[in-house]
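# A look at the structure
Spelled out from the first residue to the last, the chains are:
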Amino acid sequence: GIDIIKSVIEDQSNDNKIVAVFSDENMEYINGSEALKVLKELEINGKISKIIYISVTAFEDQETKNRIKNAGFIEILSKPVNKNSLNEIIDSYLKI
């Protein structure tokens, strides 16, 4: 989670502009939802550009999925990631 935050900040300060972040919910130090909270705060404060946030998780229970959605992820991909599902998500957001 910490590496995601650092990478986004570094990338945006170098004008590369990450447009999407795929984040695992189960990460060391801070989970995907906690990392997203930090990134959303940076967006609100104008420190980074708007990014598409997609959660990748092995958790299947509805409580975890609700927590992930409530955190602000726009999509949830279940592990193992299905290539067709991934392509559909990418294609739908490339059109935006």
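Summarised in this report is the structure supplied together with it. Everything numeric in this text was worked out from a predicted model, so none of it was measured. (Residues numbered from 1 in each chain as written. Predicted model: local features only at pLDDT ≥ 70, side-chain atom pairs only at ≥ 80, totals over all residues. Heavy atoms only, no water.)

## Some words on the pairing of strand E2 (residues 52–57)
Stated formally: Residue burial is assigned from relative accessible area. The probe radius is 1.4 Å, only protein chains are included, and a residue is buried under 20% of its type maximum, exposed over 50%, and partly exposed in between. Each helix is a run of DSSP H or I of at least 4 residues and each strand a run of E of at least 2, with the numbering of both proceeding from the N terminus. Any two strands with at least two DSSP bridges between them are considered paired. Crossover handedness is defined here as right-handed if the route from the first strand over the helix to the second strand goes clockwise, with the strands pointing away from the viewer.
With five of six residues buried, E2 is to be regarded as a mostly interior element. Bridge count between strand E1 (residues 20–24) and E2: five bridges; the pairing is parallel. Of the residues in E2, the one forming a bridge with valine 21 is tyrosine 53. Running through helix H2 (residues 32–44), the crossover from E1 to the neighbouring parallel element E2 is right-handed.

## Focus on the packing of helix H1 (residues 2–13) against H2
When two helices pack together, their arrangement is given by the angle between the helix axes and by the axis-to-axis distance. Put simply, the rule is: For helices, the fitted axis covers only the stretch in contact; all axes are lines through C-alpha atoms, and the angles between them, taken along N-to-C directions, range from 0 to 180 degrees. For this classification, under 35 degrees means roughly parallel, over 145 means roughly antiparallel, 65 to 115 means roughly perpendicular, and everything else is oblique. In this scheme the crossing of two helices becomes right-handed for a clockwise turn of the near helix relative to the far one and left-handed for an anticlockwise turn of less than a right angle. Contacts are assigned to residue pairs with any non-hydrogen atoms lying within 4.5 Å of each other. Polar here means any residue outside two lists: the nonpolar Ala, Val, Leu, Ile, Met, Phe, Trp, Tyr, Cys and Pro, and the charged Asp, Glu, Lys and Arg; Gly therefore counts as polar.
In the contact formed by H1 and H2, the axes pass within 9 Å of each other and the chain directions differ by 25°. As far as their axial angle goes, H2 and H1 are roughly parallel. For the crossing formed where H1 meets H2, the hand is right-handed. Where H1 approaches H2, its residues Ile4, Ile5, Val8 and Ile9 are matched on the opposing element by Ala35, Val38, Leu39 and Leu42. A breakdown of the residues in the contact of H1 with H2 according to their chemical character gives eight nonpolar, no polar and no charged.

## Let's talk about the nonpolar core
A general trend in soluble globular proteins is that nonpolar side chains are found buried together. Put simply, the rule is: Remark: nonpolar core denotes a set of buried residues (Ala, Val, Leu, Ile, Met, Phe, Trp, Tyr, Cys) joined through side-chain atoms within 4.5 Å.
With 13 residues, the main nonpolar core has Val8, Val21, Leu39, Ile48, Ile51 and Tyr53 as its most contacted residues. The greatest single-element share of this core, amounting to four residues, is contributed by H2.

## Some remarks on H1
Threshold: Multiply 1.5 Å by the residue count of a helix minus one, and that product is the helix's expected span. The directions from the helix axis to the C-beta atoms are what the arc is built from.
With 12 residues, H1 extends 17 Å between its outermost C-alpha atoms, agreeing within 8% with the 16 Å of an ideal straight helix rising 1.5 Å per residue. Among the residues making up H1, those that are buried are Ile4, Ile5, Val8, Asp11 and Gln12. Down the axis, H1 shows its buried residues gathered within 140° of arc, on one side only. Set apart from the buried face of H1 by more than 90 degrees, the exposed residues are Asp3 and Ser13. Where H1 is buried, its residues touch E1 and H2. A positive backbone phi angle near 60° is found at aspartate 15, which sits one or two residues after H1.

Taken by themselves, the reported measurements are silent on function.
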